[in-house]
Amino acid sequence: MLAHEGQLNRFQTGNYWNSFTFGTYGLSKNTELAATLHGLGRPASGNVSLGVGLKHRWLLHTTASGWQLGASSGFMTPLSLSGRGVGGWGFSNFSVRAPGVRTRVTAGPSYGSSQIFGRRTYSTMVGLEQPLSKKFSLAADWFSGTHDLAAAIGGVAWHPTPQLVVIFAYKVPNNAASWKPASLIELT
């Protein structure tokens, strides 16, 4: 899978564009290898890094009525391309998926270094996915804290083909130290 996310703010003082470009390769049914280019933007963030890591997912239990419990865990080793050294990011989460409506809620802890987050930080990740049809779903994510990724993002995912996903969303940072609000588009 290849994806590119661009965040654009053209409507407030301090116009900017920020991006994440990443690719994943399935090593097995539930394990993927990932590479991500973080922080390429305008004005220059001063914190561009290339990270490589692994993520594994477990389906823990499916009840007779269709509830699914899952978990995932992963790590990434980012190498700063801005002269800030080598860091790390580790995360894990649990998820529950409701039968019928197929709503999925995910939450878990995250610890990351300045090469990705702008500073060393512990935070919580929370996500919500709600399928609307075969081609559309609602999605929302939130990172707690005060760091470069600390924000709530909500939007619509469109699946025009099985090989293409387009996400239109809006980002609201937790505070002024966590960048600025932005429109977001992701192509996967």
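In this text the structure is predicted, and so the values were computed from the model without any measurement.

J.: If you had to explain the overall build of the protein to someone new, which residues and values would you point to?
T.: Helix and strand counts for the protein stand at one helix and 12 strands. Here the protein has a C-alpha radius of gyration of 17 Å; the compact-globule value for 188 residues is 16 Å, and the two agree. With respect to the principal axes defined by its C-alpha atoms, the protein has extents near 50 × 35 × 30 Å. Look at the contacts in the protein between residues 6 or more apart in sequence, and 36% of them connect residues 24 or more apart. Of the roughly 10,500 Å² that the protein leaves accessible, carbon and sulfur atoms contribute 66%. Where the 15 positive side-chain charges of the protein centre and where its 6 negative ones centre are 1 Å apart.

J.: Any chance you could break down the sheet that holds strand E6 (residues 89-97) for me, citing the residues and the numbers?
T.: As summarised here, the arrangement of the 12 strands in space is E1-E2-E3-E4-E5-E6-E7-E8-E9-E10-E11-E12, forming a closed barrel in which the pairing is antiparallel. The mean inter-strand angle of the sheet, taken between neighbouring strand axes irrespective of direction, is 20°. Here strand E5 (residues 68-80) pairs with E6 via nine bridges, running antiparallel. Residue Ala71 lies in a different strand from E6, and its bridge partner there is Phe94.

J.: How would you sum up the packing of aromatic side chains? Please name residues and give values.
T.: Where two aromatic rings form a pair, the distance of their centres and the angle of their planes describe that pair. One pass over the structure, following the stated rule, counts five aromatic pairs. Look at Phe117 and Phe143: their rings are 5.8 Å apart centre to centre, the planes differ by 75°, and that puts the pair in the edge-to-face class. In this pair, Phe117 sits in helix H1 (residues 114-117) while Phe143 sits in strand E9 (residues 136-143), placing the two residues 26 residues apart along the sequence. As far as the burial class goes, Phe117 and Phe143 line up, both buried. Put simply, the rings of Trp89, Phe91, Phe117 and Phe143 pair up and form one aromatic cluster.

J.: Could you give me a rundown of the side chain of Glu186, with the residues and numbers involved?
T.: Among the structural elements, Glu186 can be located in strand E12 (residues 182-187). Of the side chains bearing the opposite charge, Lys55 lies closest to the buried Glu186, which forms no salt bridge; the N-O distance is 11 Å. Within the structure, Glu186 has its side chain in polar contact with the side chain of Thr188 (distance 3.1 Å).

J.: I'd like a description of the pattern of salt bridges, backed by residues and values.
T.: According to the stated counting rule, one finds one salt bridge in the structure shown. Notably, a salt bridge pairs Glu129 with Arg104, separated by 3.8 Å at the nearest N-O pair. Separated by 25 residues along the polypeptide, Glu129 in strand E8 (residues 121-131) and Arg104 in strand E7 (residues 104-112) bring together distant segments of the chain. Arg104 gets classed as buried once you look at its relative accessible area, which sits at 15%.

J.: Which residues make up the nonpolar core, and what values do they have?
T.: Ala34, Met76, Trp89, Phe91, Ile116, Phe117, Met125 and Phe143 together form the largest nonpolar core, which totals eight residues. Beyond its immediate stretch of four places on either side in the chain, Ala34 contacts Gly23, Thr24, Gly51, Val52, Gly53 and Met76.

J.: How would you explain the pairing of strand E10 (residues 151-161) if you had to name every residue and give the values?
T.: Both E9 and E10 contribute to a ladder of seven bridges, which runs antiparallel. Pairing of Trp142 across the sheet is with Ala152, part of E10. Pairing geometry for E10 and strand E11 (residues 164-173), over nine bridges, is antiparallel. Considered in E11, the bridge of Ile153 is made with Lys171. Following E10, the chain reverses through two residues before pairing antiparallel with E11.

J.: Residue-level account of unusual backbone geometry, with values.
T.: A positive phi is found at Arg102, a non-glycine position, where the angle reads about 65°. You can see Arg102 is positioned in the loop between E6 and E7. Overall, Arg102 belongs to the partly exposed group, its relative accessible area being 43%.

Basis of the calculations
Residues numbered from 1 in each chain as written. Predicted model: local features only at pLDDT ≥ 70, side-chain atom pairs only at ≥ 80, totals over all residues. Heavy atoms only, no water. Helix = DSSP H or I, 4+ residues; strand = E, 2+ residues; numbered from the N terminus. Rg over C-alpha atoms; globule rule 2.2 N^0.38 Å. Contact = heavy atoms within 4.5 Å. Areas by Shrake-Rupley, 256 points an atom, 1.4 Å probe, with all protein chains shown as cover. Lys, Arg positive; Asp, Glu negative; His and termini not counted. Charge placed at Lys NZ, Arg CZ, Asp CG, Glu CD. Pairing = 2+ DSSP bridges. Axes fitted to C-alpha atoms, helices over the stretch in contact; angles between N-to-C directions. Phe/Tyr/Trp six-rings, centres within 6.5 Å; stacked < 30°, edge-to-face > 60°. Buried < 20%, exposed > 50% of the residue type's maximum accessible area, 1.4 Å probe, protein only. Salt bridge = Lys/Arg side-chain N within 4 Å of Asp/Glu carboxyl O. Polar contact = N/O pair within 3.5 Å; in protein donor to acceptor, adjacent residues only side chain to side chain. Core = buried A, V, L, I, M, F, W, Y, C linked by side-chain atoms within 4.5 Å.

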